[in-house]
Amino acid sequence: MGPRSAQSHYLDRYVAAFESLDVEQGFQNLSTLFVTLISKKYYEKKALDDLEQVLRELWEQQMSDGDEAEADPNLSSLHEMYKHLPDDKRMRQVTIDVFQFHLASQANTYASLSWTLSILLTHKEHLNHVITELNTVAEAYGPDFMYSVEALDQLTFIESVVQESLRIAQQSITLRKVMRPCRFLGKALPEGLYIATLLSVTNSEVGDNEPPAEQFDPDRTSMARQASQYSISTFGHGFHACPGQRFAMALTKVVLAQLLVGKHSLDMAALFSFPISIPESTVGAVARALHPCVVNYTKATQKKDV
């Protein structure tokens, strides 16, 4: 929300609001959802009000000082998008959009990034392949390749690694509404019924020529694509696909590049093994690990050419 939002006066309140709005604990511990239901979303509504107040102050300050260096184009574009609404409704809609963006692009993105890195650290051959691909793209596009969309698009193996990591960690529920009466697997489904599919189940169904579901294999994505583009779902498909997929992929590639081959790259060693256990009660989103995944790291002493 612009450089000014990093000031403690705004940031501390901003963080506090998102701590209350974060749904991560609900995904991992269903009992927390009952607190939300019993309180009729009291704490969540209050946090949204607090977040709205912070964004209102930022917007009013931005409008009053006219300092383009401090102005945030994202905040401006949101207000422009909802300029047809009265001030109070416009501010609320801007707040909701900011919350949803953070929810989608931060919580699950960082969880999926953590899974990708953790699994790579326990699969040396795939880690070496990733480093080789990063070095190859760096040689073609220069040391600042990670800031080029075209260069990032060349990192196709990393995309397969991310997709396979998400397949293993994905616990999302997909809801579909029956639009007209039909029969499915011998059962009559009335109009208006909602059907829930668990990606943790569907992503564990493998074809005859695929490796076991519990095995990490980045080539699985291409196998599935040849068999059926819908047999594995990580970011979703078609109209219902995750709108943040490209952002999440780009962010993961940039972070991996910085950690593995960048000027401040690290030598890392996992103090855990694969497979990584997840809580049995996990429902929704990308799973979190049941136990801490500790990594020893030091500053890399030399360029990682494999």
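Residues numbered from 1 in each chain as written. Predicted model: local features only at pLDDT ≥ 70, side-chain atom pairs only at ≥ 80, totals over all residues. Heavy atoms only, no water.

**Considering the pattern of salt bridges**
In the structure shown here, the tally under the stated rule is 11 salt bridges. Across the pair Asp153 and Arg246 runs a salt bridge, and its minimum N-O distance is 3.2 Å. Of this pair, Asp153 sits in the loop between helix H8 (149–152) and helix H9 (156–169) while Arg246 sits in helix H12 (residues 245–260), placing them 93 residues apart in sequence. By relative accessible area, Arg246 is classed as exposed at 53%. Among the ionic pairs, Arg167 bridges to Glu164, the shortest N-O distance being 2.9 Å. One end of the pair, Arg167, and the other, Glu164, are both in helix H9, 3 residues apart, so they sit about a helical turn from each other. Each member of the pair, Arg167 as well as Glu164, carries the same accessibility label: buried. (Salt bridge = Lys/Arg side-chain N within 4 Å of Asp/Glu carboxyl O. Helix = DSSP H or I, 4+ residues; strand = E, 2+ residues; numbered from the N terminus. Buried < 20%, exposed > 50% of the residue type's maximum accessible area, 1.4 Å probe, protein only.)

**Some thoughts on the confidence of the model for the protein**
Considering every residue of the protein, the mean pLDDT works out to 83; 85% of them sit at 70 or more. For the protein, per-element mean pLDDT is lowest for helix H11 (residues 220–227), which scores 59, and highest for helix H7 (residues 124–141), which scores 96. (pLDDT = per-residue confidence, 0-100.)

**Details of the packing of aromatic side chains**
Overall, the coordinates contain 3 aromatic pairs when judged by the stated rule. On the basis of an interplanar angle of 85 degrees and a centroid distance of 5.1 Å, the ring pair of Tyr42 and Tyr43 is categorised as edge-to-face. One aromatic cluster in this structure is built from Tyr14, Phe18 and Phe99. (Phe/Tyr/Trp six-rings, centres within 6.5 Å; stacked < 30°, edge-to-face > 60°.)

**A word on the environment of Ser77**
Relative to the assigned elements, Ser77 resides in helix H5 (residues 73–81). Residue Ser77 is classed as partly exposed on the basis of its relative accessible area, which comes to 38%. With 17 residues separating them in the primary sequence, Ser77 and Val94 have C-alpha atoms 9.7 Å apart.

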